[in-house]
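Below are the chains, spelled out letter by letter.
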Amino acid sequence: MTLVLLVFIPLAGGLIAGWMGGKDSTACRWISLGALGLDALLALGLAFHYLGGSGNPGDSRWFIEWSQPWIPQFGISFHFAMDGLSLVMVLLTLFLGLIGVGASWTEIQERVGFFHFNFLWILSGVLGVFLAMDLFLFFFFWEVMLVPMYLLIRIWGHENRRYAAVKFFLFTQASGLLMLISIVALALLHPGNGQGVTFDYNVFLQNPLHGPAAKWIMLGFFVAFATKLPAFPFHPWLADAHTEAPTAGSIILAGILLKTGAYGMLRFILPLFPTAVHEFSTTAMILGVIGILYAAILAFAQDDMKRLVAYTSVSHMGFVLLGIFAGTDFALKGVVIQMICHGLSAGAQFMLVGALYERIHTRDMRKMGGLWDAIPGFGVATMFFAMASLGLPGLGNFVAEFMILVGSFQVAPKLTILATLGLIAATLYSLRLIRRAFHGPRQDEKAYPDLTLRERALNGAFALGLIWLGVYPQPAINAVTPTLKSIQSSAATPMAEHNAISGESQ
Amino acid sequence: MLNLLWTIPVFPFLGFLILLFFGERLPRKILALVGAGSVGVSAAVTSLVAYAFITNPPEGHAFHQVLWTWISVGDFHPQIAFYLDALALVMAGVVTGVGFLIHVYSIEYMGTDKDFARFFACMNLFVFAMLVLVLADNLLLLYIGWEGVGLCSYLLIGFWYREPANCTAAQKAFIVTRVGDTVMAIGFFLLVVQLGTLDVQGLMERAQSEWGPASGMATLAALLLLGGAVGKSGQLPLQTWLPDAMAGPTPVSALIHAATMVTAGVYLIARTHVLFELSSTAMMAVAVVGCLTLLLAGFSALVQTDIKRVLAYSTISQIGYMFLALGVGAWSAAMFHFMTHAFFKALLFLAAGGVIHALHDEQNMFKMGGLWKQLPVVFWTFLIGSAALAGIPLIDAGFYSKDAILWAAYSSEHGSFLLWLGAWIGAIMTSIYTFRMVFISFFGEAKNHVHHKPGLTILIPLIILAALSLVAGFIELPHNMGHIQMFSHFMGTAFESAGEHAQTMAEPGGEAMFQILAGVGSLAGVLIAWWFFLKNPASADSLASTPTGSRLHHFWKSGWGFDAFYDKVFVQPFRWISEVNKADIVDGFYSAIAGATQLTHSVLSLTQTGRVRWYAAWVTVGSVMILGALLFK
């Protein structure tokens, strides 16, 4: 039941906040904060129980599992389950959700109730995605994320919001359609458990699909997840959506929505289609490396600060794609750390750009310059997160990228060397951002208010998270180790079989 | 007492935090106290630890302190842990000791700057990162310090960020060194994948047992680490950032770009010397890089007009000597020169800073002149530093440390006559450009007048460093002149597996001849400088104004054209590509799909006219065509 509550609390909170919004916008903000806070407490309780050592997951794959039939004719059920990976992602979602409400405190002044309704429903959809273990239910939540996000961009976005919202919707919907086809095909083609059609993850997991059908179904999933991630060449929606979205929208878009793509690859693609993945992995890794470098060069060229940050997300997600398909112990653990750290560093950067926009009313770096003089607090914070983003050792992103690169080096040294060039490219765009916005002579002599206490607190939370993951990432690594181990063992089965067969034939 | 080890880096870090969060609100006196005091405490603790380490050496001459396990994946467990041996101790001593003097100096030097707090915050962060670098027990932790000092270097070169040129120099330093760092990171991947650890001691053991001598893997790994070292230490081919780094305040140049950070590459190679010894190719590469760099930088130093740029090129050149020493296996000689260089180069920068300060930020030597009367203390300390840099025989530390390297370049098993010759010519060059600087800035007629004289906070650090530049050499004397080996004995505890090759081939008489050559070379350099730049300045000008002379002059002054080359080959193409693809070609592809869809839509919607006659006609045409197709199939 706890899992259902986790998903349900933001849903209900969103309804109440939406209803309150017309009367009292401050109350509506507090209600959102309260609902997410309650949810976060619940998740933290689970974390202490299951990761703190007092809980005993035993031999079971899941910490908690809950299932109720939904459409029994097709074997569809409300099947929720949580393991270490889901738990970590749930915590990240709620953390960024809380920050998102905080970051919109002064920015959003119109239709406040409806904004929070949409915001909380997105989070609810994301939580559902991380917890659903029935593929039909998974798809349902996948779509639940989509519509309110579309509205968020469409209504509260910047100048070019209509274009960006439609683009976001089309890309996600088209790729989602491919995933739906894949899910249905998987349900129909899979031998199942002998009791008719099923959409149950556990059943698919016990008996992975092989052969040409597996390849096509895997590709369907891949396109959907790679679009969400986003991976090259499915990335163009992202720059517009991020740039035009309101601050909170960008934070959760970069921080969590992209991670659902990575999560999907880890949870579904790797263990369910081991042979197909094995054949496809080089291609996917190449796409990852292209993404790292291509997006970094794009980021370097941008004049719009928010667009620059948006492209850096594509670059960082390239590391994730590389690591997932490298599939080694190092790489997969690095991937999870990268997901968390990118959520924090990109989230913080979007929040800063948003706060800066509130003050100087532009995102165009050609019109900035010398801002350190006027708002040194912004300077320090931007510098910190730029350093995190370029992978400065001591901060979490370094740990993540180091582990991914070591893990990839084990299987594909040449590709990894190319990917490592991304560290130099990240330096180029990060320093350029600082240089153009904060260094150099002032463009005007206006005075702007520096970071407020609320903004300092939010930045501080992000920074502490990154430092913690930078010097002591072990709790996060331990939390996901069992999940990743089982993913790896499912993924490795065909190779072991293959080796055994070729060994016998000799 | 050794257990205090972990607090050595902690004090400057606390100083940094205080300055970062309360820097705006505290009065300057407190800021100065926190900024310099934190490094002072750290220096004091370092002395305590050093005393304990020397009087009562721990087992195996190394002390290991684990704080916590950083990452644990499979069999890979890098820790946050410190490792203290003779090598780390000397480094930490120089970093905190020289660092403290420079912090004290900065209180006056930066006294009127409005960003006083930011300056000390960055300086403290630097000392912290540098200490992590030298005390780290594994390469991954070392990398935190390694890139941390790079960050501080960037922040401090661009300290006066309102000036675009300073920002450019800062960015250049960060980017160029990061290229080296990235090569080094690839080296780490190789080491982790092949040997399964980055713990320095374990790594060295495994490299020896699993790779053995003359292994291709060892060569590859060593060369990748060398890539990081040349970036940080301003050696060929990544030396281009260091001269521009002089855009930072002078104390920064003294601490970061002369005494400590730029020698990190030397430290890295010394730290992993076992790995380098497995590969004669890698050793040769280090020696050749050092020898070429010291020559190239020497020539460039000869033609600079900015006093700080002369010193910057001389730093590149002196680190070249250290690389040469490393490359021929003279580990302790390299570290000896590191130490003396830290004293006299910090001294030279700080004294030059005194001049620059007194002349209201004038850095052009040709606008100085005659300063020896007006700034006597600065002059005498600068002269002592110059003597040490030029290696004037017998009286100063620079002579002994450089002589050890010259001798090793010839006599060690990796050495050769050519390496010695390069180093010897370099020594003559050093002497010429050093005394050119002395004669032009401090002698001749005064072209500028002194606005205000430096106070005690500036002079006392100068005097202490001058004293060290004189006497530090006497802890290590060649065996034919006193034969004191305190330093190399102490260092030997860290390099025991390596031994000291320089001594093995010593032939009596030969060494004395080389010492005389070195001494004569250095004195001849002074004489040449005196002739060309004090006695007959016109002759130097006429030499430089011949066509070949002026071309060479320009070529050397611009650092042998490296900047122009890199600009053409890397910077311009990158900018071009990024500019061309600013709007993302891939996006264009999807826009084209969207465009095609809209076009078809608008074309087809033309047929939607609402006239029944047309619809009937289209239906008829369609039916006829289908029928026809069926009939004539």
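Given the structure is predicted, the values throughout are model-derived calculations rather than measurements. (Residues numbered from 1 in each chain as written. Chains lettered and ligands numbered in written order. Predicted model: local features only at pLDDT ≥ 70, side-chain atom pairs only at ≥ 80, totals over all residues.)

Undergrad: Just checking my understanding: could you explain the overall build of chain B for this structure?
TA: Counting its regular elements, chain B contains 28 helices and two strands. Oriented by its inertia axes, the alpha-carbon framework of chain B measures out at about 115 × 60 × 55 Å. Every one of the 633 residues in chain B was classed for burial, and the buried ones make up 55%. A sequence separation of at least 24 residues applies to 80% of the contacts in chain B between residues at least 6 apart. (Helix = DSSP H or I, 4+ residues; strand = E, 2+ residues; numbered from the N terminus. Buried ≥ 20, exposed ≤ 12 C-beta atoms within 10 Å, placed from the backbone. Contact = placed C-beta atoms within 7 Å.)

Undergrad: Before we go on, may I ask you to explain the interface of chain A and chain B in this structure?
TA: Tallying the contact residues gives 38 residues for chain A and 38 residues for chain B. Within the residue set of the side of chain A that touches chain B, elements represented by two or more residues are α11 (274-301), α13 (329-360), α16 (396-411), α17 (413-437) and α19 (474-505) of chain A. Examining the composition of the side of chain A that touches chain B, we find that nine residues originate from one element, α17(A), more than from any other. Along the lines of polarity and charge, the residues of the side of chain A that touches chain B split into 26 nonpolar, nine polar and three charged. (Nonpolar A, V, L, I, M, F, W, Y, C, P; charged D, E, K, R; others polar.)

Undergrad: Help me understand the nonpolar core in this model?
TA: In summary, soluble globular proteins display a tendency toward joint burial of nonpolar side chains. Ranked by internal contacts, the top residues of the largest apolar core, which has 434 residues, are A:I269, B:L324, B:A325, B:A334, B:A346, B:I405 and B:A423. If one sorts the elements of this core by residue count, helix α15 (residues 331-358) of chain B sits on top with 20 residues. B:L324 has contacts with B:A287, B:G290, B:C291, B:L294, B:I405, B:A409, B:L419 and B:A423, leaving out every residue within four places of it along the chain. (Core = buried A, V, L, I, M, F, W, Y, C linked by C-beta atoms within 7 Å.)

Undergrad: Please explain the confidence of the model for chain A as it appears in this structure.
TA: For any part of a model where pLDDT is low, the fine detail of the predicted coordinates should not be relied upon. Looking at chain A as a whole, the pLDDT averages 88, with 95% of positions reaching at least 70. Here residues 494-506 of chain A is modelled with pLDDT under 50, and outside its nearest four sequence neighbours on either side it reaches four contacts, counting other chains as well. (pLDDT = per-residue confidence, 0-100.)

Undergrad: Would you mind showing me how to read the packing of α11(A) against helix α26 (residues 562-580) of chain B here?
TA: Packed helices, taken two at a time, are described by the angle between their axes plus the distance between the axes. Contact geometry of α11(A) with α26(B) gives a least axis separation of 8 Å together with a crossing angle of 85°. As judged from the angle between their axes, α11(A) and α26(B) are roughly perpendicular. Seen from α11(A), the contacting residues are A:I297, A:F300 and A:A301; seen from α26(B), they are B:I577, B:S578 and B:E579. Residue classes in the contact of α11(A) with α26(B) are distributed as four nonpolar, one polar and one charged. (Axes fitted to C-alpha atoms, helices over the stretch in contact; angles between N-to-C directions. Parallel < 35°, antiparallel > 145°, perpendicular 65-115°, else oblique.)

Undergrad: What exactly am I supposed to notice about unusual backbone geometry here?
TA: Most peptide bonds take the trans configuration, and most residues that are not glycine carry a negative phi. All names here are of chain A. Looking along the chain, the bond that leaves L229 and enters P230 is cis, with omega of -10°. For P230, the location among the structural elements is in the loop between α8 (211-228) and α9 (236-244). A cis geometry characterises the amide bond from F232 onward to P233, with omega recorded as 0°. Tracing the sequence through the fold places P233 in the loop between α8 and α9. The phi torsion at R111 lies on the positive side, around 45°, for a residue other than glycine. One non-glycine residue with positive phi stands out, namely H361, at about 60°.

Undergrad: In this structure, what is going on with helix α12 (residues 305-326) of chain A? I would like to understand it.
TA: Residue pairs spaced three or four apart in an α-helix point in one direction, given the helix's 3.6 residues per turn. Residue and element names in this part refer to chain A. Taking 1.5 Å of rise per residue, the 22 residues of α12 would be expected to cover 32 Å, and the 32 Å separating its terminal C-alpha atoms lies within 8% of that figure. The element α12 is largely enclosed, with a buried count of 22 among its 22 residues. Following α12 by one or two positions, G327 adopts a phi angle in the positive range, close to 75°. (Expected span 1.5 Å × (residues − 1).)

Undergrad: Explain helix α15 (residues 376-389) of chain A here, please?
TA: All names here are of chain A. Between the first and last C-alpha of α15 there are 20 Å, a value that for 14 residues agrees with the 20 Å anticipated at 1.5 Å per step. Where burial is concerned, most of α15 is hidden: 11 out of the 14 residues are buried. Of the positions making up α15, those classed as buried are F378, G379, V380, A381, T382, F384, F385, A386, M387, A388 and S389. At the C-terminal side of α15, G391 shows a positive phi close to 85°.

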